[in-house]
Amino acid sequence: MKRSHINTPYLLSLSLSILCALIIGALILLVAGFNPIEAYGAIVEGAFGNGRHIGDFLEYAMVLCLCGLACVLAARVGIFNVGGEGQLILGAIVACQVGVWMKGQASWLVLLCAAIAAMAVGGIYAFLPGILKVKVKVNEVITTIMLNTVAVCLCQYLAKGPWKNPNKNMVAATDKLDAEYWLSSLIPGSKLSTAIFTAIILTLLVWYVMTKTSGGYEMKLTGQNPRFAFFSGIKTDRLILLCMVISGAMCGLVGMFRVYGAEHIYKSSISNDYYFEGLMIAMIAAYEPLPVVGLSVFFAILKIGADELQYIGIPSQIYQIIQAVVIFSMAAQSGILSWLKDRGQKKQARLAAQVRGGGKDA
Amino acid sequence: MHDLLSRIFSAATLNETLRTATPVALAAIGGAMTEHAGIMNIGMDGMILMGAFFGAYGSFLLGGGWLGLGLAVAIGILVGLLFALFVVKLKADEFIIGCALNTFAIGLTGFLSDSVFGYNGGKGMAALPKLRLSFLDHIPFLGKGLQGLSVLFYITLLLVLVLWLFVYRTPYGLHLRAAGEKPETLRTAGISPEKMKWIASILCGITCAIAGVYLSLGDLEGNFAKNMSNSRGYVAFACVIFGSANPAKAYLAALMFGFFGALGTCLQAYISPDLTAAIPYIITIIMMVYVVLRSQRRRRLSHRKEQVA
Amino acid sequence: MEEIAVRFDHVSMEFPGVLANDDISLSIRKGEVFALVGENGAGKSTLMHLLYGMHTPTNGEIWVKGERLTEYSPKAAIQRGIGMVHQHFMLVPSFSVAQNVVMSKEPRKFKLFYDWKAAEEKTRALSQEYGLSVDPSAIVGELSVGLQQRVEILKALYRGAELLILDEPTAVLTPQETTELFSVIRRVVREKGMTVILITHKLYEVKAISDRVGIMRKGRLIAVKDTASVTERELASLMVGRPVLYEELERSGQPGEIRLAAKDLTVYDNRGLTAVKKLSLSLRAGEILGIAAIEGNGQSELLEALTGLRSCASGSIGICGQQAANCTPGEIRAMGLAHIPEDRLATGVSKDASVAENLLVGRHKAPEFRGALGYQKQSSIARYAEGLFEKFDIRGAGIAVSAGSLSGGNLQKVVVARECSFDTPVLIISQPTRGVDVGAIEFIHKQIMDKRNEGTAILLCSADLDEVFRLSDRIITLYEGEITGEFTPNTIEKEELGYYMTGNRRKEAGAHEAITH
């Protein structure tokens, strides 16, 4: 069957967008008095320069990719999970606390319980807006945005209150995990851990389910035309809810990975709107799994590489500018195309009218 | 108990409520415009941040708080135009454009801040005046609560009134609401709904810019810190939803959010301020469910009634 | 000679792939009520949209009051005194009546503010002047449909309309509301000298209100008559009756056991109004039961209820002996029912999915297409889809392209192919050939007849009477959610059937009795 969205026009417009973003980024750098070639060189150097950075960007790419895929899963059936950020941090804090509570148990058991707990919390937290959408038709975008803030508040409370780390007076943080529960680091000094293997398996699984199975086929039909899917006998409500819950569970799991793989403690830096970044990636990837992977790696390289810019005196935020411009131009591409087409047609019509009018008058 | 109540309903609480509510309210009344025009505006956070930076930068560059405000508003208009260009003209998804705008604002203001002010942000530029009104000293409770508020607080009140009048008392307001609710009616009446959406975006850009200026030049001494909007755009969005896009109600919603924040400070000894801060969001969700259920029931009832009649 | 209000001069309108108006020349006299009748999709609304400036004609010219229209926009039309009441009302539900009426020409206070008092005053004055009583401060969304229509008319009058276009105004009205509307029309024509163009397909309304009538069919203007000089029967035959060009289809077999039975079925429409009233019908194996009805008389809701897309308020449905009322479409399909829906784009296909994916749905869980771990066997799916593609003579760029790229007729063949391939005991078919070219119509009809001859019980609903006549073994007419008669094709003329479809049972109850018994 067809290879839906990943085709030449898509790749072309993506390359154009990235090119456009790099040019705009270069212009801003120039105006600010920096040498763009030097800066871009430093980004590449920063990302690939040493093993630690390669590990860091791979870890970051993993987080973005899983967040993006979680968004894709829900969006495929036509429900938009904006609440991944909340699901992620709740998953993180619960997973971390499970590790603290189970101190002394075998590490495989702790990891398993933490993963299950994180997924359960994330799933439940996604179920709520899901059921409101399916049963009451309340806009899930708004409810999930609200629930994000509620989750942030809740985690702040837990990390400052009942689950507080007694050694950290000022910041909100939980107890640190015992080192035996840490997922082993793959590149010493970097944040990359064995979690990436699970992430790879998960990515392959999502890709497989979405593109190769009858379940993915039902999801696609439900997202494209829910009335048609329902007419054909697909239980659309249940499917939508299920995908939303799985999406939430995946976000929860990302939170667990962040804690057990990288940070080993819950604190507010566990996620810095990472889910939103993943969500934007999912959107410009047109909700296809493979471009999500590619774009995640690209943005991760950009981000980790840009961190190095500081050392040569260039503000690292240039990476966010470049990222935003890529998204702007990808989101607007169909609008630009139809606007150009429209203009062409109007021009033609005007010409035709002139010819006709001229004929009549003469 | 009495002690607690008096602490909650004190002039200090009022003062804090008003101070924290003002930037959120400013953004929310702008968000009410875009909401009326049928645009879900997630990008307010970015708009605020741009306003905060360019207010501070303007003040730093031109040496005056008011000049900073002027520059911020000019940039706010540009940001509103940019938003409308993508959402209205190029028909891009408003959600992704909002998200991208937020990222863009964080990136651009961070970049410029580092370039201009250095890594630790900017401090000490001329701020906007705070009003010390002598007659307020003679009013027992309110006077103390209202004393020493930024001039922007009063501008906010004025803007709420102006925008409320605009939406509900002028023909243009009618067109704005029609553009969001049923654009075809406008089109068949010979008015362009797109034009109203452009206007709404620009208005939102302006008020969000002022909200940002409040953060950088209004409340504290002039300063700019990276990402200082601190998700206020989302709070403003909640206020818009809560106030069903009515600028006056959105202002009240902002006061509610501010009050729950101030309440947290008062009740610190009893309950975590983080929990009290979450309450308004939960109320917003409950409100949304209630509104949907009510409108569904009302529609069913009215049609049944009609058939019986 | 009378004054001419509007003149269409060889007007054509072409949408991508459809010629909606084909070389129409027509003059409307000032001060007359002109009725425009025709089947669905005949191009009546399109013609009026051109007059109101919502589209620009691809060819030809329109003259209003002796001036050629140079700019096609609603604004220009309003300036020339043209008002239109759209089929789907152009009202803002949350606004008051007055706010809706004065929109775009609001009375102002201090040049800047909306003067709601003056607006309500003007609305009240206008409504009294024309006898359209409605409370100016009421919220439009809470008004009944009939009152909303009044607001629409008031809006047009407020804007200074001298020519009023009403697009199927009675489709949503109760009989009493219709009577009131007609008295308003008479009054504005008599007292104010207005011109009214009325789009409808209810023929008795044409007789009741219009001076002249234009009949449209397939984008062409077939005839213009003085209403007084034609009978409803003549109109019906002009409207529906092209002679049957097709040859007779071969029928074989006898009706068998009852496969589908509905009893006292009541169904509400989207607005919560009763669309189907205590309707009972039964369908046997090996027969085609045709439903003849004008759009909006409950047939869509009836079929949706039978197929599980809509819930039933009361009554029972039996499919092959199983209780099917208020089951999901999936459960009903499992009982042995397939369904070709009336609106293929909204319900029948997913435009963005490939042709193969559209052909597969419903059997995608069968073991020949689904392996272990839910794996879809692409090669056997492709083979299966290719098979159907060939068998049903679907023309397009193969099974891998998106369904949206197919033409209407071929898209319909995709739906027919899929639903017929289930080989279910019951088949429900709605508008099988709407917007389909002649060759495809013949093919689809043959498929349906083959199914009947194989012993499938078929319920057929179509706006095209020729189709109903050609295929059905029995025909029922439906009017306002009730069955107004049951006939066999060879005992009744098409014109007569059209007569029952337009709600004439009450008037001629005797004749109806005589025919059914």
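Above this text you will find the structure in question.
The text that follows walks through the structure, step by step, so that each part is easy to find. Here the structure is a predicted model, which is why all the values come from computation and not from measurement.

## A closer look at the overall build of chain B
When its secondary structure is counted, chain B shows 13 helices and four strands. Over its C-alpha atoms chain B spans a radius of gyration of 21 Å, differing by no more than 12% from the 19 Å that the globule rule assigns to 309 residues. Overall, the C-alpha framework of chain B stretches about 65 × 50 × 35 Å when taken along its three principal axes. Residue burial in chain B is summarised as follows: out of 309 residues, 58% are buried. Sequence-distant contacts in chain B: of pairs separated by 6 or more residues, those separated by 24 or more amount to 75%. Just so you have it, chain B exposes about 12400 Å², and 67% of that area is on carbon and sulfur atoms. Taking the 24 positively charged and 15 negatively charged side chains of chain B as two groups, their mean positions are separated by 8 Å.

## With respect to the packing of helix α4 (residues 116-129) of chain C against helix α5 (residues 145-158) of chain C
Residue and element names in this part refer to chain C. α5 packs onto α4 with a crossing angle of 105 degrees between their chain directions and a minimal axis gap of 10 Å. Taken together, α4 and α5 sit at an angle that is classed as roughly perpendicular. Between α4 and α5, the residues in contact are Lys 122, Thr 123, Leu 126 and Ser 127 and Leu 154, Leu 157 and Tyr 158, respectively. Looking at the contact of α4 with α5 residue by residue, the class counts come to four nonpolar, two polar and one charged.

## Side note on the environment of Gly161(A)
Summarising the element assignment, Gly161(A) is placed in the loop between α6 (140-160) and α7 (195-212). When the C-alpha positions of Gly161(A) and Leu241(A) are compared, they lie 33 Å apart, and in sequence the two are 80 residues distant.

## Focus on the interface of chain B and chain A
Taken together, the contacts link 43 residues of chain B with 46 residues of chain A. For the interface between chain B and chain A, the tally reads one salt bridge. Between Lys160(A) and Asp274(B) there is a salt bridge whose closest N-O contact spans 3.3 Å. Our count for the chain B to chain A interface comes out at one residue pair in polar contact (both at pLDDT 80 or more). Of all elements in the fold, only α4 (65-89), α5 (94-117), α11 (232-242) and α13 (273-308) of chain B reach the threshold of two or more residues within the side of chain B that touches chain A. Looking at the side of chain B that touches chain A element by element, the count peaks at 15 residues for α5(B). Residue composition of the side of chain B that touches chain A, by class: 31 nonpolar, seven polar and five charged.

## Remarks on the packing of aromatic side chains
Here the structure, examined in full by the defined rule, presents 23 aromatic pairs over all chains. Here Phe328(A) and Phe86(B) contribute two aromatic rings whose centre-to-centre distance is 4.8 Å and whose plane-to-plane angle is 20 degrees, an arrangement assigned as stacked. Here the residue Phe328(A) occupies a position in helix α13 (residues 318-361), and Phe86(B) occupies one in helix α4, the pair thus bridging two chains. Neither residue differs from the other here; Phe328(A) and Phe86(B) are each classed as buried. Consider the rings of Phe392(C) and Phe443(C), whose centres lie 6.1 Å apart with planes at 75 degrees: the pair is edge-to-face. Here Phe392(C) is found in the loop between α13 (378-391) and α14 (408-421), whereas its partner Phe443(C) is found in helix α15 (residues 438-453), with 51 residues between them in sequence.

## Here's the deal with the nonpolar core
Counting 314 residues, the largest nonpolar core has Tyr260(A), Phe95(B) and Ile185(C) as the members making the most contacts within it. The element that contributes the greatest number of residues to this core is helix α3 (residues 51-76) of chain A, accounting for 15 residues. Setting aside anything within four residues of it in sequence, one finds Tyr260(A) in contact with Ala95(A), Cys96(A), Val98(A), Gly99(A), Val110(A), Leu111(A), Ala114(A), Leu177(A), Tyr181(A), Trp182(A) and Leu183(A).

## A closer look at the sheet that holds strand β1 (residues 4-15) of chain C
All names here are of chain C. Across the sheet, four strands lie side by side as β2-β1-β4-β5; this open sheet has antiparallel pairing. The open sheet has two edge strands, β2 (18-29) and β5 (67-68), and neither has a second partner. Sheet topology note: the β1/β2 ladder contains eight bridges and is antiparallel. Bridged to Phe 15 within β2 is Val 18. Across the sheet, helix α1 (residues 44-51) lies against β1, β2 and β4 (59-64), angled at about 115 degrees from β1, the strand it touches most.

## What about unusual backbone geometry?
In this structure, His264(A) takes a positive phi of about 65 degrees despite not being glycine. With respect to the helices and strands, the residue His264(A) is situated in the loop between α10 (236-263) and α11 (274-284). Accessibility expressed as a relative area gives 11% for His264(A), which makes it buried. Despite not being glycine, Asn326(C) shows a phi value in the positive range, around 60 degrees. In this structure Asn326(C) comes out as partly exposed when scored by relative accessible area, which is 46%.

## Considering the interface of chain A and chain C
Tallying the contact residues gives 22 residues for chain A and 39 residues for chain C. Buried area between chain A and chain C, both sides added, is near 2800 Å², and the carbon and sulfur share of it is 54%. Remark: the boundary between chain A and chain C carries three salt bridges. With its nearest N and O atoms 3.5 Å apart, the salt bridge here joins Glu218(A) to Lys365(C). Connecting chain A to chain C are 15 residue pairs in polar contact (both at pLDDT 80 or more). Of all the secondary structure elements, the ones that give two or more residues to the side of chain A that touches chain C are α7, α8 (214-224), α9 (226-231) and α13 of chain A. At six residues, α8(A) tops the list of elements feeding residues into the side of chain A that touches chain C. Residues belonging to the side of chain A that touches chain C are distributed by class as follows: eight nonpolar, seven polar and seven charged.

## With respect to the packing of helix α3 (residues 44-62) of chain B against α5(B)
Residues and elements named next belong to chain B. It is the contact of α3 with α5, at a shortest axis distance of 7 Å, that shows an interaxial angle of 20 degrees. Comparing the axis directions of α3 and α5 gives the class roughly parallel. Seen along the crossing, α3 lies across α5 with a hand that is left-handed. The segment α3 lies against α5, with Met 44, Asp 45, Gly 46, Met 47, Leu 49, Met 50, Phe 53, Phe 54, Ala 56, Tyr 57 and Phe 60 engaging Leu 101, Asn 102, Phe 104, Ala 105, Ile 106, Leu 108, Thr 109, Leu 112, Ser 113, Val 116 and Phe 117. Taken together, the residues of the contact of α3 with α5 sort by class into 17 nonpolar, four polar and one charged.

## Things to note about the sheet that holds strand β10 (residues 195-200) of chain C
All names here are of chain C. With mixed pairing, the six strands of this open sheet are ordered in space as β6-β9-β10-β3-β11-β12. The sheet is open, and its two borders are formed by β6 (82-85) and β12 (220-226), each paired with just one other strand. Each neighbouring strand pair of the sheet contributes to a mean axis angle of 20 degrees, computed without reference to strand direction. Sheet analysis places β6 next to strand β9 (residues 163-167), joined by four bridges and oriented parallel. When the sheet's bridge partners are listed, Gly 83 is paired in β9 with Leu 164. Helix-sheet contacts for α5 involve β6 and β9, and the interaxial angle to β6 is about 170 degrees. Relative to the sheet, helix α6 (residues 175-192) contacts β3 (33-38), β9 and β10, its axis offset from that of β10 by approximately 155 degrees.

Here is what the cut-offs are and how they apply
- Residues numbered from 1 in each chain as written.
- Chains lettered and ligands numbered in written order.
- Predicted model: local features only at pLDDT ≥ 70, side-chain atom pairs only at ≥ 80, totals over all residues.
- Heavy atoms only, no water.
- Helix = DSSP H or I, 4+ residues; strand = E, 2+ residues; numbered from the N terminus.
- Rg over C-alpha atoms; globule rule 2.2 N^0.38 Å.
- Buried < 20%, exposed > 50% of the residue type's maximum accessible area, 1.4 Å probe, protein only.
- Contact = heavy atoms within 4.5 Å.
- Areas by Shrake-Rupley, 256 points an atom, 1.4 Å probe, with all protein chains shown as cover.
- Lys, Arg positive; Asp, Glu negative; His and termini not counted.
- Charge placed at Lys NZ, Arg CZ, Asp CG, Glu CD.
- Axes fitted to C-alpha atoms, helices over the stretch in contact; angles between N-to-C directions.
- Parallel < 35°, antiparallel > 145°, perpendicular 65-115°, else oblique.
- Nonpolar A, V, L, I, M, F, W, Y, C, P; charged D, E, K, R; others polar.
- Salt bridge = Lys/Arg side-chain N within 4 Å of Asp/Glu carboxyl O.
- Polar contact = N/O pair within 3.5 Å; in protein donor to acceptor, adjacent residues only side chain to side chain.
- Phe/Tyr/Trp six-rings, centres within 6.5 Å; stacked < 30°, edge-to-face > 60°.
- Core = buried A, V, L, I, M, F, W, Y, C linked by side-chain atoms within 4.5 Å.
- Pairing = 2+ DSSP bridges.
- Buried area = accessible area lost by both parts, 1.4 Å probe.
- Left-handed = near helix turned anticlockwise from the far one by under 90°.

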